[in-house]
Amino acid sequence: MHTHSILRRILLLHAAATLVTAGLVAFGAMMLFNSTSDRLQRQILDEYADKMQTGLHRSERGWSISDEAASALRGGGSSFSFWIIDHGHQVAIENLRSNPSLIVPTRAGAAYFKRVRGSKIYSGMSVPLAGEPGTWLVIVQNLDHPDVIFDDLRTQVLLAGAGLLALFLVGLLALEAYIVRQSLLPVKRASREVERVSPYQLQQRVDVDGMPTEVLPLLRAFNAALDRVEDAYRIERNFAADAAHELRTPLAILRLLVEQEITSGGLPRMLRQIDVVEEIVERLLLVAEVDAMACDPADAVDLRAVAEDRVAAIAPLLIAKNQEIEILGEGSVWAFASQHLAGRALDSLLENAMKHTPPGTHVAVTVGPAPEILVADTGSGLPADDRRLFDRFASARRDLTRSSGLGLAIADELMAKVGGELDVWANSPNGAVFRLRFCPAGQNAEEI
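Residues numbered from 1 in each chain as written. Predicted model: local features only at pLDDT ≥ 70, side-chain atom pairs only at ≥ 80, totals over all residues. Heavy atoms only, no water.

Below, the discussion takes up the pairing of strand S5 (residues 111-117). Relative to strand S6 (residues 120-128), S5 is paired through seven bridges, and the arrangement is antiparallel. When the sheet's bridge partners are listed, Lys114 is paired in S6 with Ser123. Linkage of S5 to S6, two consecutive antiparallel strands, is achieved through a turn of two residues, within which Gly118 is found at a positive phi near 70°. (Pairing = 2+ DSSP bridges. Helix = DSSP H or I, 4+ residues; strand = E, 2+ residues; numbered from the N terminus.)

See the structure below:
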């Protein structure tokens, strides 16, 4: 199973972001430094060109410059060289340094240039000499000369910046690791609380006080899941207790009957008790099946078709007991439900009516016009306001020799699964009416 550390992921991403940011900042700083140094250097070259223009003159021996201008130009140090391009020829200026010999641009206006000669880099400018067509002044500075500090500053800034960046990155990552570890302490506390959850401590919950907002939805969802698990565990525990309680009585009766003489007429009663136990076990299996059932919310079913199918299945049993059954309502009624779940719920009501109404009674199954099915009988009736009828092993209207008390509870659970309801009220003049109320599908058969 592939796993990864949140701390490691945060540090790697943060380191990458810091490196990119630092690189961009360093690049910007170097560009700014270079542009500033170039601007300062050009200002110096422009100033030297102005001094040469004012002090330069042609003599019989060539070109010379006034002592005042020469003194000012020599004050720039030995890194500067000065000469004249006179109609394509390099001409030295008397009393000024004129090395090296370079190819320079000769344009109509001032031109700045850089040249590489061997291991040395030269920066300079050429400018037309006023009043002398075909003549240019040339000023060149050796950037590798010790007097020039611009390149040294670039190198020092680069080295110092790289070292400071490395120290900054290491320190920042160490601080980030500490901050993230401190931030994850509540999550580690929550993990320890989760580890204490067990089948014997389902009441354990994660304390969300002080938790980061980023993990609050996860922890609240986990606590909600534990609530559902605890509820389900309690229901199953109560169900097992109820089942044990309900089985205890018929089994006790069986024990008494077995202890009696078979010849004394106990066999039929014992067989009836065995039938009751078998029915309870069968119902328990059905309850387990119902708990595992799932309903697709997109399913739609014709309630009229469901009623016709289930009434046809149980009608022979009702007729054998001298009972009547009929279906009322016309046309299809569509509802959101699984056909299997709706049929199971109706089966429970029909079986309940068959078992708890005497011979000669009448059962009517009415479909619609709303998305509902009504099962009305003319039996002895039920207390309409007692919702305990729908509890598992309900004692109301239950005969231990004939019923397990699970049928109505199963029907109620099935209706809850499809988003519907099971209601009951007294029938007139006698009996009871049970209603399976579904959610309307809002579609007709052709659309479905």
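A complete count under the given rule lists eleven salt bridges for this structure. In this structure, the salt-bridge partner of Asp227 is Arg205, at a minimum N-O distance of 2.7 Å. Linking Asp227 in helix H5 (residues 216-259) with Arg205 in the loop between helix H4 (185-195) and H5, this pair joins segments that are 22 residues apart in sequence. Using a relative accessible area of 36% as the deciding quantity, one classes Asp227 as partly exposed. Assessed through its relative accessible area of 21%, Arg205 is described here as partly exposed. For the salt bridge of Arg437 with Asp423, the shortest nitrogen-to-oxygen distance reads 4.0 Å. Of this pair, Arg437 sits in strand S14 (residues 432-437) while Asp423 is found in strand S13 (residues 421-426), placing the two residues 14 residues apart along the sequence. (Salt bridge = Lys/Arg side-chain N within 4 Å of Asp/Glu carboxyl O. Buried < 20%, exposed > 50% of the residue type's maximum accessible area, 1.4 Å probe, protein only.)

Bringing the packing of helix H7 (residues 303-320) against helix H8 (residues 339-356) into the picture now. Relative to each other, H7 and H8 sit at 30°, their axes nearing to 10 Å. It follows from the interaxial angle that H7 and H8 lie roughly parallel. Judged by the sense of rotation from one axis to the other, the crossing of H7 with H8 is right-handed. For the pair formed by H7 and H8, the contact residues are Val306, Ala307, Arg310, Val311, Ile314, Leu317 and Leu318 on the first element and Gln339, Ala342, Gly343, Leu346, Asp347, Leu350, Glu351 and Met354 on the second. (Axes fitted to C-alpha atoms, helices over the stretch in contact; angles between N-to-C directions. Parallel < 35°, antiparallel > 145°, perpendicular 65-115°, else oblique. Left-handed = near helix turned anticlockwise from the far one by under 90°. Contact = heavy atoms within 4.5 Å.)

Our next topic: the pairing of strand S2 (residues 62-65). Bridging between strand S1 (residues 56-59) and S2 involves four bridges; their strand directions are antiparallel. When the bridges of S2 are listed, Arg58 appears paired with Trp63.

Read these as spatial facts, not as claims about activity.
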